[in-house]
Amino acid sequence: MNKLYIGNLSESVTVPELETIFNDWKIPFSGQFLLKTGYAFVDCPDETWAMKAIDTLSGKVELHGKHIEVEHSVPKRQRSRKIQIRNIPPHMQWEVLDGLLAQHGAVENCEQVNTETESAVVNVTYGTKDQARQAITKLNGYQLENYSLTVTYIPDEQAVQQGQEMGRRGYSGRGPPQQGSAAPTKQQFDIPLRILVPTQFVGAIIGKEGATIRNITKQTQSKIDVHRKENAGAAEKPISIHSTADGCSAACRMILDIMHQEAQATKTAEEVPLKILAHNNFVGRLIGKEGRNLKKVEQDTETKITISPLQDLTLYNPERTITVKGSIEACCKAEEDIMKKVREAYENDIAAMNLQANLIPGLNLNALGLFPPSSSTVPPHPVGVAPATPYGPYMVSQSMGIFIFAHIGARLGQTSDPETVHVFIPAQAVGAIIGKKGQHIKQLSRCAEASIKIAPAESPDTKQRMVIITGLPEAQFKVQGRIHGKLKEENFFGPKEEVKLETHIKVAASAAGRVIGKGGKTVNELQNLSSAEVVVPRDQVPDENDQVVVKIIGHFYASQLAQRKIREILAQVKHQQQKVQSNQSQPRRK
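Figured I'd write up the structure that's included with this text. Residue positions are given per chain, counted from 1 along the sequence in the order it is written. Residues qualify for local features only when their pLDDT is at least 70, as the model is predicted, and side-chain atom pairs are given and counted only at 80 or more; totals for whole chains, interfaces and linings, by contrast, use all residues. The side-chain quantities take in all heavy atoms of the structure and omit both hydrogens and water.

## Considering the overall build of the protein
Note the following rule: Counting from the N terminus, the helices are DSSP H or I runs at least four residues long and the strands are E runs at least two residues long. We call a residue buried when its accessible area falls under 20% of the maximum for its residue type, exposed when it is over 50%, and partly exposed in between, using a 1.4 Å probe and counting protein chains only.
For the protein, the count of helices and strands is 17 helices and 26 strands. Looking at the protein residue by residue over its 590 residues, the buried ones come to 45%.

Have a look at this one:
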């Protein structure tokens, strides 16, 4: 969202004055300022500059005796359940923030946003639009530890896309399509609802000459694909439903009704459960810590829910089957709750990938993978195995442990220096990482172009072993991602556990203070940003190379983010040292 609203303007403000403010603060803008009485609009080149303008100008720049307000411009139809809260005290306890947010409604999700500002920024999703509106009204300008909160809507992307579709097809703000305009096409969404149905019911779902499926499609405004030709001879067939969340749920209910009616008429099945297919990358968050999320769905919907084991997954079948048993009404309610969690996980992964693209210099996420550089595509599917339906622009493969993208072949830029990282894994997992006759570790080393060594055990009863990884930043990303994935695949962590590993980075003793920061400020900010635990033991004795260890404990993305930020700090220290040495080596002029 690049369009900005500039408010609290005096009636005498002019466009040149607004242009001067943006130019003075070196904030680029595109097009002209649209000035109204008391407010104005302007476009920034991208979201980064829009956020920079909000951080720099809002409430801090005075014009004609009034502090201007700068925020995202969000039309009413695009206002959603999601809001962004800025200018949060950097050292504020999350429990305090959670309590404040809960005063205005049910908070479904709260995530911290990476920004350059000292204060914190979070994106919050409320249960309803009314709750989000109330939070904006009550929290905007709220004083918290001498910080004044700024709260804005996060635009409803669905409404934005629908508005663009309407605009392209001749829709005006009111009334029917203009003469000659085409009928609006169905909106495509990234996450389909995928269900498994018994093969014997497929004919009834499709109907004579496709009449039944056309009726479902028409009533629910959905696009429905029945994958009849996949997995020939299989007892069940997948169905993909593309629509809004409500449209998917409505189509699912109609299909369930048909299956129950067919089962009763033919007496072929006593019970017809709902079976939902979900990518394994989302299932852990659906289950929740210690199974709490799944238990809550079961309790709220009065259903019994089971999930297929990890052992059933392959590179070509990354989906797990979620079986829901109960009445039709209960199963439909469970479907809504399950898919809500899946869609939230998908949105969070997209945001995480976009963030990761900025963490590693030269890293091209579209080219990331573990296949050899000579490979131009993901390996072909085995004969007789149906390809998995991709989720939007990417496919997350649990069997490969990290995100695998469509365009694997491009070579990654190699502009950084090699890094050495020590990753600690369970001692009993060493065999899985090495593989039969060392095949797994050799292939991983070759594909990632990294050196991977496993240090000898310190004692016979040691519980952890150290993996020494040396390579460029993108090689670190690949190898560590694969190790996390392998440990999950081989069940060294439970299905309800996140894979959290301890990682060590060695830094020069003289740079350790910069990682810690004054009064621990830098390391605290690093932990808040990455969600990883970062420890710099103060009582360490430097080794023979005058280095000390920084410990990082967290799941894969948290650890990667913490590692990148620490490397940034070390690069800054190195640059400053080189600059000082360069100045000292230059002869002084007399």
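There's plenty left to go through after this.
## Remarks on helix H2 (residues 47-57)
Operational definition: Residue contacts follow a heavy-atom distance rule, with two residues in contact if any of their heavy atoms lie within 4.5 Å. The term polar contact refers here to a pair of N or O atoms within 3.5 Å; inside protein, the definition further demands a hydrogen-donor-capable atom paired with an acceptor-capable atom, and it admits residues adjacent in sequence only when both atoms are side-chain atoms.
Along H2, the residues classified as buried are Ala 50, Met 51, Ala 53, Ile 54, Asp 55, Thr 56 and Leu 57. Among the structural elements, strand E1 (3-7), helix H1 (15-24), strand E6 (69-72) and strand E7 (82-88) are those in contact with the buried residues of H2. In this structure Asp 46 caps H2, since a side-chain oxygen of it lies 2.9 Å from the backbone nitrogen of Trp 49. Just beyond H2, the residue with positive phi is Gly 59, at close to 75°.

## As for the packing of helix H14 (residues 473-489) against helix H17 (residues 556-585)
The condition is simple: Only C-alpha atoms enter the line fits that serve as axes; for helices the fit covers just the stretch in contact. Angles between N-to-C directions range over 0 to 180 degrees. Angle categories are assigned with fixed cut-offs, so that under 35 degrees is roughly parallel, over 145 is roughly antiparallel, 65 to 115 is roughly perpendicular, and the rest are oblique. By definition, turning the near helix anticlockwise from the far helix through less than a right angle yields a left-handed crossing, and turning it clockwise yields a right-handed one. Residue type decides the class: Asp, Glu, Lys and Arg count as charged, Ala, Val, Leu, Ile, Met, Phe, Trp, Tyr, Cys and Pro as nonpolar, and the leftover types, Gly among them, as polar.
Put simply, H14 and H17 touch, their axes get as near as 10 Å, and they point 155° apart. Here H14 lies roughly antiparallel to H17, going by the angle between them. Regarding H14 and H17, the two cross each other, and that crossing is right-handed. Where H14 abuts H17, its residues Pro 473, Gln 476, Phe 477, Gln 480, Gly 481 and His 484 lie against Phe 556, Tyr 557, Ser 559, Gln 560, Gln 563 and Arg 564. Of the residues that constitute the contact of H14 with H17, the class distribution is four nonpolar, seven polar and one charged.

## So, the sheet that holds strand E8 (residues 107-112)
Adjacent strands of a sheet pair through backbone hydrogen bonds, lying either parallel or antiparallel. The following threshold applies: What makes two strands pair is DSSP finding at least two bridges between them.
On the basis of which strands lie adjacent, the open sheet formed by four strands has the order E8-E9-E7-E12 and antiparallel pairing. Looking at the sheet topology across the chains shown, the edges are occupied by E8 and strand E12 (150-153). For this sheet, the mean angle separating the axes of adjacent strands, direction not counted, is 20°. The strands that helix H4 (residues 129-139) touches are E7, strand E9 (120-126) and E12; relative to E12, the one it contacts most, it runs at about 155°.

## Side note on the pattern of salt bridges
Where we set the bar: Any carboxyl oxygen of Asp or Glu that lies within 4 Å of a side-chain nitrogen of Lys or Arg is treated as forming a salt bridge with it.
By the definition in use, this model includes 15 salt bridges. Where Lys 275 meets Glu 236, a salt bridge forms, and the shortest distance between an N and an O atom there is 2.7 Å. Taken together, the residues span a long stretch of sequence, with Lys 275 in strand E16 (residues 274-279) and Glu 236 in strand E15 (residues 236-242) at a distance of 39 residues. For Glu 236, a relative accessible area of 25% corresponds to the partly exposed category. Taking the shortest distance from any N to any O, the salt bridge between Lys 486 and Glu 490 comes out at 3.2 Å. For Lys 486, a relative accessible area of 12% gives the class buried. Overall, the relative accessible area of 37% leaves Glu 490 in the partly exposed class. Salt bridges sharing common partners tie together Arg 81, Glu 108 and Lys 340.

## Considerations on the sheet that holds E6
Read from one edge of the open sheet, four strands run E2-E3-E1-E6, paired in antiparallel fashion. With one partner strand each, in any of the chains shown, strand E2 (30-36) and E6 form the two edges of the open sheet. Averaged over neighbouring strand pairs, the angle between their axes works out to 20° when direction is ignored. In this structure, E1 lies alongside strand E3 (residues 39-43), joined through four bridges in antiparallel fashion. Its bridge partner being in E3, Lys 3 is matched across the sheet by Asp 43. Where H1 meets the sheet, it contacts E1, E2 and E3, and its direction lies at approximately 130° from that of E2. Packing against the sheet, H2 makes contact with E1 and E6, and its axis sits at approximately 155° to E6.

## Description of unusual backbone geometry
Phi is positive for Asn 146, which is not a glycine, with a value near 70°. By the element assignment, Asn 146 lies in the loop between strand E10 (143-144) and strand E11 (147-148). Backbone geometry places Asn 491, a non-glycine residue, at a positive phi of 65°. Following the sequence through the fold, Asn 491 ends up in the loop between H14 and strand E24 (501-508).

## A word on the packing of aromatic side chains
Defined as follows: In this analysis, rings of Phe, Tyr and Trp, with Trp reduced to its six-membered ring, are considered paired at centre separations within 6.5 Å, and the interplanar angle assigns stacked below 30 degrees, edge-to-face beyond 60, and tilted for intermediate values.
Across all of its chains, the model carries eight aromatic pairs by this definition. Relative to Phe 41, the ring of Tyr 39 lies with its centre 5.6 Å away and its plane at 80°, an arrangement referred to as edge-to-face. By way of ring pairs, the aromatic residues Tyr 5, Tyr 39 and Phe 41 are connected into one cluster.

## With respect to the packing of helix H16 (residues 521-530) against H17
One way to put it is that H16 packs onto H17 with a least axis distance of 9 Å and a crossing angle of 145°. The handedness of the crossing between H16 and H17 comes out as right-handed. Side by side, H16 and H17 meet where Thr 522, Leu 526, Leu 529 and Ser 530 of the first sit next to Ala 558, Leu 561, Ala 562, Lys 565, Ile 566 and Ile 569 of the second. Its residues assigned to classes, the contact of H16 with H17 shows seven nonpolar, two polar and one charged.

## Side note on the state of the cysteines
In plain terms, the rule: Throughout, disulfides are identified as pairs of cysteine sulfur atoms within 2.5 Å of each other.
Enumeration over the complete set of coordinates arrives at zero disulfides. Lacking any disulfide linkage, Cys 252 is separated from the closest cysteine sulfur, that of Cys 332, by 5.4 Å. Judged by relative accessible area, Cys 252 falls into the buried class, the value being 0%.

## Remarks on helix H13 (residues 439-448)
Stated formally: The directions considered for the arc run from the helix axis to the C-beta atoms.
All buried positions along H13 are accounted for by His 440, Ile 441, Leu 444, Cys 447 and Ala 448. Seen from one end, H13 has its buried residues packed into an arc of 135°, which puts them on one side. Those residues of H13 that are exposed and angled more than 90 degrees off the buried face are Gln 439, Lys 442 and Arg 446. A positive phi of about 55° marks Glu 449, the residue just after H13.

## Brief notes about the nonpolar core
For clarity, the cut-off: In this text, buried Ala, Val, Leu, Ile, Met, Phe, Trp, Tyr and Cys residues form a nonpolar core when linked through side-chain atoms within 4.5 Å.
Ile 255 and Ile 338 are the most contacted members of the largest nonpolar core, which has 43 residues in total. Among the elements that take part in this core, helix H8 (residues 245-266) stands out by supplying nine residues, more than any other. Every residue in contact with Ile 255, bar those within four places of it in the chain, is listed here: Ile 195, Val 197, Ile 205, Ile 216, Ile 239 and Ile 241.

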